[in-house]
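# Observations on the model geometry
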Amino acid sequence: MDGLSGDPLPSTIAKDSIEGWWEMSVETFDVVVAGGGPGGSTVAALVAMQGHRVLLLEKEVFPRYQIGESLLPSTVHGVCRLLGVTDELAAAKFPVKRGGTFRWGARPEPWTFSFAVSPRMTGPTSFAYQVERARFDEILLNNAKSKGVTVREGCSVTAVVEEGDRVTGLRYTDSDGGEHEVGARFVIDASGNKSRLHASVGGTREYSEFFRSLALFGYFENGKRLPEPYSGNILSVAFDSGWFWYIPLSDTLTSVGVVVRREMAEKIQGDREKAYNALIAECPLIAEYLSDARRVTTGNYGELRVRKDYSYHQTKFWRPGMILVGDAACFVDPVFSSGVHLATYSALLAARSINSVLAGDLDEKTAFDEFEGRYRREYGVFYEFLVSFYQMNVNEESYFWHAKKVTNNEHTEFESFVDLVGGVASGETALAASRLAERSAEFAGAVDQMAGGDDGDMVPLFKSHVVKQVMQEGGQVQMKAVLGEDAAPEEPVFPGGLVSSPDGMKWLPYRG
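Residues numbered from 1 in each chain as written. Predicted model: local features only at pLDDT ≥ 70, side-chain atom pairs only at ≥ 80, totals over all residues. Heavy atoms only, no water.

With an unreviewed UniProt entry as reference, the chain is termed StaI, source organism Streptomyces toyocaensis. A UniProt comment under Sequence similarities (unreviewed entry) is attached to the chain, and it reads "Belongs to the flavin-dependent halogenase family. Bacterial tryptophan halogenase subfamily." (UniProt positions renumbered as here; feature names shortened; annotations may be inferred.)

## Some details on the overall build of the chain
For the chain, the count of helices and strands is 15 helices and 24 strands. Counting over 512 residues, the chain shows a buried share of 61%. Considering only residue pairs separated by 6 or more positions, the chain has 73% of its internal contacts joining residues 24 or more positions apart. A total of about 19500 Å² of accessible surface is found on the chain, and carbon and sulfur atoms cover 48% of it. (Helix = DSSP H or I, 4+ residues; strand = E, 2+ residues; numbered from the N terminus. Buried < 20%, exposed > 50% of the residue type's maximum accessible area, 1.4 Å probe, protein only. Contact = heavy atoms within 4.5 Å. Areas by Shrake-Rupley, 256 points an atom, 1.4 Å probe, with all protein chains shown as cover.)

## Some points on the pairing of strand β11 (residues 179-189)
Of all eleven residues making up β11, eight are buried, and the element is well covered by its neighbours. Across eight bridges, strand β2 (residues 26-34) lies against β11 in parallel orientation. Residue pairing for β11: alanine 34 is matched across the bridge by aspartate 189. Where strand β10 (residues 166-173) hands over to β11, the hairpin turn is made up of five residues, of which glycine 177 adopts a positive phi near 90 degrees. Bridge analysis of β11 against strand β21 (residues 322-324) gives three bridges, and the strand direction is parallel. If you follow valine 187 over to β21, its bridge partner there is methionine 322. (Pairing = 2+ DSSP bridges.)

## Structural notes on the environment of glycine 36
Considering the arrangement of structural elements, one finds glycine 36 in the loop between β2 and α1 (38-48). Sequence-wise, glycine 36 and arginine 152 are 116 residues apart; in three dimensions their C-alpha atoms are separated by 9.3 Å.

## Considering the pattern of salt bridges
Applying the stated rule across the entire model yields 20 salt bridges. The residue glutamate 364 makes a salt bridge to arginine 166 at a minimum N-O spacing of 2.9 Å. Here glutamate 364, found in helix α8 (residues 364-395), pairs with arginine 166, found in strand β10; they are 198 residues apart in sequence, far enough to count as distant. What makes arginine 166 partly exposed here is its relative accessible area of 23%. A salt bridge links lysine 506 to aspartate 361, with the nearest nitrogen and oxygen atoms 3.0 Å apart. Here the residue lysine 506 occupies a position in the loop between β23 (498-500) and β24 (507-509), and aspartate 361 occupies one in the loop between α7 (339-358) and α8, the gap between them amounting to 145 residues. Taking relative accessible area as the criterion, lysine 506 reaches 22% and is therefore assigned partly exposed. A cluster of three or more residues bridged by salt bridges with shared partners is formed by Arg64, Arg133 and Asp137. (Salt bridge = Lys/Arg side-chain N within 4 Å of Asp/Glu carboxyl O.)

## Examining the nonpolar core
If you look at the biggest cluster of nonpolar residues, it comprises 111 residues, and the most contacted ones within it are Leu170, Trp245, Ile323 and Ile354. Considering each element in turn, this core owes the most residues, eleven residues, to α7. If we ignore the near neighbours within four places in the chain, the residues touching leucine 170 are Val32, Ala34, Leu57, Val157, Ala159, Val160, Val161, His180, Glu181, Val182, Val187 and Leu197. With 26 residues, the next largest nonpolar core counts Val260, Ile268, Leu279 and Leu285 among its residues. (Core = buried A, V, L, I, M, F, W, Y, C linked by side-chain atoms within 4.5 Å.)

## Concerning the layout of surface pockets
Empty space among the atoms becomes apparent when a probe as large as a water molecule is rolled across them. Of the voids in this model, the largest pocket is the one considered here, and its volume is about 1100 Å³. Lining the largest pocket we find 48 residues, and of these Gln66, Ile67, Asn193, Arg307 and Asp327 sit closest to its centre. If you list the elements that add at least two residues to the lining of the largest pocket, you get α1, β12 (205-207), β15 (242-248), β18 (305-308) and α7. The dominant element in the lining of the largest pocket, judged by the number of residues it contributes, is β18, at four residues. (1 Å grid on protein atoms, 1.4 Å probe; cavity = no way out; pocket = protein on both sides within 12 Å on 5 of 7 lines; lining within 4 Å. Points joined across faces, edges and corners; volume = space filled by probe spheres on them.)

## Concerning the sheet that holds β12
Spatially, the three strands line up as an open sheet ordered β12-β19-β22, and their pairing is antiparallel. Two strands bound the open sheet, and with one partner strand each, they are β12 and β22 (330-331). By the bridge criterion, two bridges tie strand β19 (residues 312-314) to β22 in an arrangement that is antiparallel. Along β22, the bridge assignment pairs histidine 313 with cysteine 330.

## Digging into the packing of aromatic side chains
Under the criterion given, the structure shown has 17 aromatic pairs. Put simply, the rings of Phe186, Phe317, Trp318, Phe368, Phe371 and Tyr375 touch in pairs and so form one group of aromatic residues. Above the ring of phenylalanine 186, the side-chain terminus of arginine 166 is found at 5.5 Å from the ring centroid. Lying over the aromatic face of phenylalanine 331, arginine 307 brings its terminal NZ or CZ to 4.7 Å of the ring centre. (Phe/Tyr/Trp six-rings, centres within 6.5 Å; stacked < 30°, edge-to-face > 60°. Lys NZ or Arg CZ within 6 Å of the ring centre and 35° of its normal.)

## Considering the packing of α1 against helix α4 (residues 133-146)
Geometry of a packed helix pair, given as the angle between the helix axes and the separation of the axes. Contact geometry of α1 with α4 gives a least axis separation of 8 Å together with a crossing angle of 20 degrees. Considering the angle they form, α1 stands roughly parallel to α4. Two packed elements cross with a definite hand, and for α1 against α4 that hand is left-handed. Each of Pro38, Ser41, Thr42 and Ala45 in α1 lies in contact with α4, whose residues at this interface are Arg133, Phe136, Asp137, Leu140, Leu141, Asn143 and Ala144. For the contact of α1 with α4, the class distribution of residues is six nonpolar, three polar and two charged. (Axes fitted to C-alpha atoms, helices over the stretch in contact; angles between N-to-C directions. Parallel < 35°, antiparallel > 145°, perpendicular 65-115°, else oblique. Left-handed = near helix turned anticlockwise from the far one by under 90°. Nonpolar A, V, L, I, M, F, W, Y, C, P; charged D, E, K, R; others polar.)

## With respect to the packing of helix α2 (residues 73-83) against α7
Orientation of α2 relative to α7, taken along the N-to-C sense of each, is 30 degrees, at an axis distance of 11 Å. Relative to α7, the element α2 is oriented roughly parallel. As for how α2 packs across α7, the hand of that crossing is left-handed. The residues of α7 that touch α2, namely those facing Ser74, Thr75, Val79 and Leu82, are Val340, His341, Thr344 and Leu348. For the contact of α2 with α7, a count of residues per class yields four nonpolar, four polar and no charged.

## Topic: the confidence of the model for the chain
Looking at the chain, the pLDDT average stands at 80 and 73% of residues meet or exceed 70. Note on residues 1-11: pLDDT is under 50 here. Beyond four places in sequence and across chains, it has 46 contacts. The model gives residues 429-475 a pLDDT under 50, and that stretch makes 92 contacts with residues more than four places away or in other chains. (pLDDT = per-residue confidence, 0-100.)

## Regarding the pairing of β18
Judged by which residues are buried, β18 turns out to be one-sided: Arg305 and Arg307 face inward and are buried, whereas Val306 and Lys308, on the alternate face, are not. Sheet topology places strand β13 (residues 214-221) next to β18; four bridges connect them, and they run antiparallel. Residue pairing for β18: phenylalanine 217 is matched across the bridge by arginine 305.

Right, dumping it as structure tokens:
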């Protein structure tokens, strides 16, 4: 609940409804951000880097605990490069994640894919990190400060301020209990899944019936590691009651969580310790990896935590003067580690829109319709692919990479699939659905060949023309961050839509 109070106060306040409002001192900024997690820190920094005045309000004092430790290369080499923090991330010595390892579907043995298979990630960008979020988030927040953002920690946002149909600021309480109002051209809600501001954009938060899962998670010391060079990979293991994540956070510390389907919810009720141990015992591979490990029982990692309702979306992502980014707008099941990606990617999209409007280059509706369209599309392709993924696993009918469930869907699941396994799920450059359909038979054949093979390698899949093409196009954010003006020309995601500027910081009309 970054940046938000748990007090039952109204989320929206009109200035003329508060007696004595004029007596309150009102600061003004170009942008005020609620929440200092990756989404909030990213959008704040990217807007401040264009010379605008930005205030960020964060309820807690960093460093603080947060779940969601597995990053994608597009975040590390795309957004984080734009932010200028890649050297700091390297110096932090986080475990290197070279791909993913799965025990999933019909194959009884774990199989591994490598990011280096992608032509756009072969070489120095073919990895991501597993991060302790307390450290990672602090790096991003401190970077925002260094870029000129005014950061106030220990400040709980209590309400949105409106004038007519426009949001014009926020009210917050500081660490000493003092109440304040701040005015801004734009208010950003980056306060996470427990946001109390999100309803102020209008619309409703809609939860997925398919993904109403529960997760129970904790941390272990001295758990087993995968063989090199994939010791830093996330290990995802499906079993009868759901699936486990197993994320190495250091040479000795491991994040271990179990996601159970709704119909299995009773398995994590009651005594959490007993439930956790019983579920580990149900999954032989995870039990083996933890056979010599000790669960952490003190400090920030000592609590066994539960999280529910993994997937939802807000029916509106913005209104005049207010924008939702990250989990405040939507969240999808975490099996492909999309949380920080969606937060930072949506923050980049929002920053482009804000920068373009503040510079006088675009009107607000044009800029933020592009933001919402791209962000909703990115969430949508993750969601649609994961529905197919889970259906294959639950039914145990075939190897989960069976193509038919994907090719029969009207959304761009091919792009989502390849971007996810390649870690370049930015959606910056999309393939038209018709072009995907033309290659669907070739894609399906590659999947069938992989599923029927004797080894655990995914090479046949990546020989498919469509996979190569999507992977080449899917890393546009990453490549633009690295190459700048030397990057390949970008085309709009939507007909008549916008493209990003050469530096990735604003929107431009398409001149193709």
